[in-house]
Each structure stands twice: as structure tokens, then as C-alpha cells.
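Observations on chain architecture
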Amino acid sequence: ATFGAHSQPLILNNYAATDALIAWSKAAVVLSIISSYPLSFVGIKDGLFDLFQITPRQRRDMGEVVTVVLLMVLAAAALLIKDIRVMMALSGATWGNCVIYIFPSYMVLRGVQHYPALQPHVVPALLTGLLGAVLGAVGALQALINLWAFLGTFSFGMID
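Attention in this report is confined to the structure presented alongside it. (Residues numbered from 1 in each chain as written. Predicted model: local features only at pLDDT ≥ 70, side-chain atom pairs only at ≥ 80, totals over all residues. Heavy atoms only, no water.)

Let's talk about the packing of aromatic side chains
Summed over the entire model, instances satisfying the criterion amount to 2 aromatic pairs. Geometrically, the ring pair formed by Y37 and F41 is stacked, given 6.0 Å between the ring centres and 25 degrees between the ring planes. Here Y37 and its partner F41 are both found in helix α1 (residues 20-51), 4 residues apart, which amounts to about one turn of the helix. Classification of Y37 by relative accessible area gives partly exposed; the value is 35%. Between W95 and F103, the aromatic rings sit 6.4 Å apart at their centres with planes inclined by 55 degrees, giving tilted as the arrangement. The exposure class of W95 is exposed, given its relative accessible area of 53%. (Phe/Tyr/Trp six-rings, centres within 6.5 Å; stacked < 30°, edge-to-face > 60°. Helix = DSSP H or I, 4+ residues; strand = E, 2+ residues; numbered from the N terminus. Buried < 20%, exposed > 50% of the residue type's maximum accessible area, 1.4 Å probe, protein only.)

Right, dumping it as C-alpha cells:
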């Protein structure tokens, strides 16, 4: 089955292996992942540095070590986790809502200090941010509930 309960996590795997268009689609997915990984990785690394308030000098001194450790952690996770549906659901519930609802609301609320013309947009921004927080919490909770239900069939590649 292409869709529904019997479909595989990567939807392209549900099509015939001999289908040329699917082969091209899979190649496009691989190219997309390979091309976007460095951008995502740098974002994660910079975000961690910012989160822990690492100075520019400390970043230069420990940058390579942090890169190696992060790559090892990400590679281990990629090797161990075969079925990534729950992680994708949790990621979508949190980051999707942040990008769509919370970050724009935050920008309006911060921007009103410098641009008073944004004042009429404060209440809608607050409501939109609140809606995003609620939807994100509900989505994350549902993903975690699915994780607990899914643990019986959750597959770790090297542990099976």
C-alpha cells in the first residue's frame, strides 16, 4: 500500500524499485539531504555556542572538538535509529510551530520597541504566539504519546 497504516516511513520506498521516476526522486532526496546538512549542522553548532554563551575566542579554540563530538553523536543516532517517524513528528510539532507562529510573534513584540507603528499588531501577535505554543504543546504531547505506544515496535538498528 502506498499510503495508510501499511506504508513505510519513507513514502518513496512504497513504490516499485524498478520505477525510474521514483529512482530519480530518491536521488533528489539524497542530494537535498547532502546539500542541506552542512547548513543545518552549522546552525546547531552556532546555536549551542550561543546557548552556552561561548565567546568568539573560545569558539575558535574548541570549534573542532565540538564539531567532532556533534558529528559523532549525530552519526550514532543515524546508525541506531531505523524508524524516525516519532522524531519527525516531535520535530514538526515543536519547530514547525515555532517557525510559523512563535518566532514571527516574538519579532513583532521585540520590534514594537523600535518601531511604534507596530503597536496595533501587538495583540494579534500575542494571540498568534499563544496559539502556536498551545498547538506545539498538543503536537509534542501527541508525538510523545505515540512514542510510548510505539516503543514496543521501535527499532534500533544495531541493538536488534
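Observations regarding the environment of T128
Assignment of secondary structure puts T128 in helix α4 (residues 122-150). By relative accessible area, which is 31% here, T128 ends up partly exposed. Here the alpha-carbon distance between T128 and S105, two residues 23 residues apart in the chain, equals 6.6 Å. In this view, T128 contacts Y101 and S105; residues no more than four positions away in its chain are not counted. Polar contacts involving the side chain of T128 include one to the main-chain carbonyl oxygen of P124, which spans 2.7 Å. (Contact = heavy atoms within 4.5 Å. Polar contact = N/O pair within 3.5 Å; in protein donor to acceptor, adjacent residues only side chain to side chain.)

Examining the environment of G136
Mapped onto the elements, G136 comes out in helix α4. Counting along the chain gives 38 residues from G136 to C98, while the straight-line C-alpha distance between them is 7.7 Å. Beyond its immediate chain neighbours, meaning those up to four positions away, G136 contacts A93 and N97.

What about the nonpolar core?
Formed by F41, F49, I54, V66 and L70, the largest nonpolar core amounts to 5 residues. When residues of this core are traced back to their parent elements, those giving at least two are α1 and α2 (56-80). Discounting chain neighbours no more than four positions away, the residues touching F49 are I54, R59, M62, G63 and V66. (Core = buried A, V, L, I, M, F, W, Y, C linked by side-chain atoms within 4.5 Å.)

Here's the deal with the packing of α1 against α2
Relative to each other, α1 and α2 sit at 120 degrees, their axes nearing to 11 Å. Between α1 and α2, the angle falls in the class oblique. Helix-helix and strand crossings are classified by hand; for α1 and α2 the assignment is right-handed. Judged by residue contacts, Y37, F41, I44, K45, D46, L48, F49 and D50 of α1 engage R59, M62, G63, V66, T67, L70, L71 and L74 from α2. Its residues assigned to classes, the contact of α1 with α2 shows 10 nonpolar, 2 polar and 4 charged. (Axes fitted to C-alpha atoms, helices over the stretch in contact; angles between N-to-C directions. Parallel < 35°, antiparallel > 145°, perpendicular 65-115°, else oblique. Left-handed = near helix turned anticlockwise from the far one by under 90°. Nonpolar A, V, L, I, M, F, W, Y, C, P; charged D, E, K, R; others polar.)

Side note on α1
Given a rise of 1.5 Å per residue, 32 residues ought to cover 46 Å, and the 45 Å separating the end C-alpha atoms of α1 matches this to within 8%. Within the span of α1, buried status applies to I22, F41, K45 and F49. Along its buried surface, α1 packs onto α2. You can read the cap of α1 off the contacts: a side-chain oxygen lies 3.1 Å from the backbone nitrogen of L21, and it is on D19. Residue Q53 follows α1 closely and has a positive phi angle near 55 degrees. (Expected span 1.5 Å × (residues − 1).)

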